[in-house]
Amino acid sequence: MVRGAARGVTVPTNLSFLWGTLQQLLQAMDGAGGVATESSFFQSLFNGLAKEGEILGSLRAGVHWTPTVFATAQRECVDSFFSQNSFISYDTLQKLGISQPVQFLQSRYAEGIPLVTAFAHPSMIEMLDAAVEDAIDRSSWIDSLSVLPTSFGSQDASKILSHCNSVQSALKGNKGMILGDSYVFSNGFIKDVYGRMEKELEVFRLSGSSGVILSDDFHLVMEAKTRTDSGRSGEVNEKKKKKGKSSGARTEILIDDEEIIPLKSKKNQRKGKEASLVLSDTKKGTKKDLARTQEDDLNIPSDDWIMQKILTLVPDFEEQGLEDPQTILGPLANYMRPMLISSLKEKRKTLFSENSGKMKHLLDNLQKKLDEAFLNMQLYEKALDLFEDDQSTSAVLHRHLLRTMAASIGDMLFHNLDMHNKLKNGINVEESPNSESITLGSAERTALAKSFPGSLSKKALAVVEALEGKRVEAFMTSLRELAEESGLLLKKLDKKLERTLLHSYRKDLTAQVSAETDPVLLLPKVVSLLYIQVRNKALQAPGRAISVAVSRLKDKLDDSAFKILTEYQTAAVTLLSLLSASTGDEEDCTSDRILSKRELLGNLMPALKGLVLGTAQS
């Protein structure tokens, strides 16, 4: 029974189970009822039979029996698969009951190569070696997994590549490289793609207008600032000579919401050092936070941008049916990105240096324009206090000043900041000779503000919002914050400067009133001049506020003077209404009335001019 049972077993078996089965058979046999047999008795019989060679197999731990027939079939199965495929996976051996597949295979195939998930024959290396050598020679690339069996993983590919002579030779001779675990690229291919990526990077650089200073460019900014500061002492002396001089300028005064009477102030000398446009991060944080902030502010292409461009330049990656192009684009982008960033930084440094002269000149001019414009704006703002008790008129005056002078200052600053950022990024731009006359729409201001870097963008957007608001104070606050963020100076209007500006403004308006021949345009100039003479304020009033402005002068003028002013104002308003209602027909019934009002205004003009010019002369 023991011999028969042992010879009948064809797969690895636990002998304890076999002896239990035999015990059950003995008890069930006729004439053997009650026979009890110990397992040790079966085991001793089995050991004797195995020693005599009557049963063939191997015994492990005394109870685990592997028949020779099974081991033979097992080896034949492994040999057959390995000889046909030149590899065999460890999972296959596990399924065949081989618990230590690497040791088993190494004992049978000494020339084989153990990988991570499989065991390979040297012929597989020869096949991959030839494919890699061909790719290197053609200045191309190869995914080794496309040559290897589908069951191989990237780690298997990496290990088998390390045994390829062509790979080792390419790496040593700087002819190729391995990216990821399984991709082999020739240096010729990498060089070609990188060259085309640099051209794409140039487009990226020129199209980017955020203009954030690269971290390595900071010293260049400081050098430009030093050069600017060193030239200030000579400029101050020169400006002292020019102080007090002002040339005449055309002043446009319209009887509508867009009316503006520009001040012509003296050139304001700047004291101390002039700050260059340096955008610095004042927040303190950990090194990790700082590194992340610098990375965000570099204005450099992201991994996604690089991968997308590579895929565009090398459509083969997608056309070859890769399940996930990211597997090849990721390693390639990771390899190229540091080189592209380095190239971008070097170009920006070079161009930054080349443009430093233009940037300095632009900042000097911008500071001069801001010096004059902001002082004038502060002067106009003071006149608003006279009408704070009249909410309706105050709202009109605030909105008018925001839409005219404030908008002009904001547009000039936005335009120059945009030019500076472009120069800093190597984009050649020509400075506009009359940038203060540039007019931007709300959408254009918003677009420029959003293009500025980091906190500068937030400050600029606050200026845009203030320009569309209702209070001049909000604009002045946001403008100061934007200028401070930009490193520019905004001079505060003191009593001495206020007297100087008012004197200059009075002279300009006196000359304009004296030379004015248009009876309609004369009125707002006279009103503005009167406010300087009797209120010591520089009033900027649109047409709809002229009536209230005139009424506020009643207690400051004698009765005859105020009568002339009100008669003139009434006639001017009537004339404008008639002109607005006129159809342009010569036979229009309003024509005679228009001529009549023009004649009346013409007769009153000498008296109105005498009213203010006589006061000015006295």
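The numbers attached to residues start from 1 for each chain and follow its sequence in the written order. Only residues with pLDDT of at least 70 are given local features in this predicted model, and only at 80 or more are side-chain atom pairs given and counted; all residues enter the totals for whole chains, interfaces and linings. In computing side-chain values, all of the structure's heavy atoms are included and hydrogens and water are not.

By the naming in an unreviewed UniProt entry, the protein is E3 UFM1-protein ligase 1, taken from Populus alba x Populus x berolinensis.

## A word on the pattern of salt bridges
Definition used for salt bridges: Asp or Glu carboxyl oxygen within 4 Å of a side-chain nitrogen of Lys or Arg. Scanning the model with the defined rule gives 13 salt bridges in all. D134 serves as the salt-bridge partner of R138, at 2.8 Å between the closest nitrogen and oxygen. Accessible area is worked out with a 1.4 Å probe on protein chains only. A residue is then buried under 20% of its type maximum, exposed over 50%, and partly exposed in between. Owing to a relative accessible area of 39%, D134 belongs among the partly exposed residues under this scheme. Between E388 and R471 there is a salt bridge whose closest N-O contact spans 3.4 Å. With a gap of 83 residues between them, E388 in the loop between α16 (326-383) and α17 (391-424) and R471 in the loop between α19 (454-467) and α20 (472-486) connect regions that are remote in the sequence. E388 sits in the partly exposed class, given a relative accessible area of 35%. Put simply, DSSP marks the helices as runs of H or I at least four residues long and the strands as runs of E at least two long, and each gets a number from the N terminus on.

## Brief notes about the pairing of strand β3 (residues 64-67)
The alternating pattern of β3 places W65 and P67 on a buried face, while none of H64 and T66, on the opposite face, is buried. Strands qualify as paired when DSSP identifies two bridges or more between them. Relative to β3, strand β1 (residues 13-14) runs antiparallel, the two being bridged by two bridges. Paired with T13 across the bridge in β3 is W65. Note: strand β2 (residues 57-60) against β3, four bridges, orientation antiparallel. Among the inter-strand pairings, G57 is bridged to a residue of β3, identified as P67. Count of turn residues in the β2/β3 antiparallel hairpin: three residues, of which A61 carries a positive phi of about 60°.

## Some remarks on the packing of α17 against helix α18 (residues 442-451)
At a minimum axis distance of 10 Å, the contact between α17 and α18 shows a crossing angle of 40°. In terms of orientation, α17 lies oblique with respect to α18. Remark: the crossing between α17 and α18 carries left-handed chirality. Judged by residue contacts, A407, D411, F414 and D418 of α17 engage R445, L448, A449 and S451 from α18. Among the residues forming the contact of α17 with α18, the class breakdown is four nonpolar, one polar and three charged. To get an axis, fit a line to the C-alpha atoms, keeping to the stretch in contact for a helix; angles then go from 0 to 180 degrees between the N-to-C directions. Reported orientations rely on four angle classes, namely roughly parallel under 35 degrees, roughly antiparallel over 145, roughly perpendicular from 65 to 115, and oblique for the rest. By definition, any crossing whose near helix is turned counterclockwise from its far helix by less than a right angle is left-handed, and any crossing with a clockwise turn is right-handed. Whether two residues touch is decided by their heavy atoms; if any such pair falls within 4.5 Å, the residues are in contact. Ten residues, namely Ala, Val, Leu, Ile, Met, Phe, Trp, Tyr, Cys and Pro, are considered nonpolar, four, namely Asp, Glu, Lys and Arg, are considered charged, and the remaining ones, Gly among them, are considered polar.

## Here we look at the packing of aromatic side chains
Only Phe, Tyr and Trp rings are paired, with Trp represented by its six-membered ring, and only when their centres lie within 6.5 Å; those with planes under 30 degrees apart are stacked, over 60 edge-to-face, the remainder tilted. Within this structure, the stated rule accounts for ten aromatic pairs. Ring plane angle 85° and centroid distance 5.3 Å describe the contact between F87 and F152, whose orientation is recorded as edge-to-face. With F87 in strand β4 (residues 87-89) and F152 in the loop between β7 (141-143) and α8 (154-161), this pair connects stretches of sequence that are 65 residues apart. Taking relative accessible area as the criterion, F87 reaches 10% and is therefore assigned buried.

## So, the sheet that holds strand β6 (residues 118-120)
Taken in spatial order, the three strands of this open sheet run β4-β6-β5, and their pairing is antiparallel. Edge positions in the open sheet fall to β4 and β5 (113-114), since each of these has one partner strand only.

## So, the side chain of Q533
Note on placement: Q533 falls in helix α22 (residues 519-535). There is a polar contact of 3.0 Å between the side chain of Q533 and the backbone oxygen of V612. Any pair of N or O atoms that falls within 3.5 Å is considered a polar contact. Within protein, one atom must be able to donate a hydrogen and the other to accept it, and sequence-neighbouring residues count only if both atoms are side-chain atoms.

## Notes on the confidence of the model for the protein
pLDDT measures how confident the predictor is about each residue, on a scale from 0 to 100. Averaged over the protein, the pLDDT score is 78; the fraction of residues at 70 or greater is 78%. Between residues 209-288, whose pLDDT stays under 50, and residues either more than four places distant or in other chains, the model counts 168 contacts. Predicted confidence for residues 290-298 stays below pLDDT 50, and this span has ten contacts to residues more than four positions away or in other chains.

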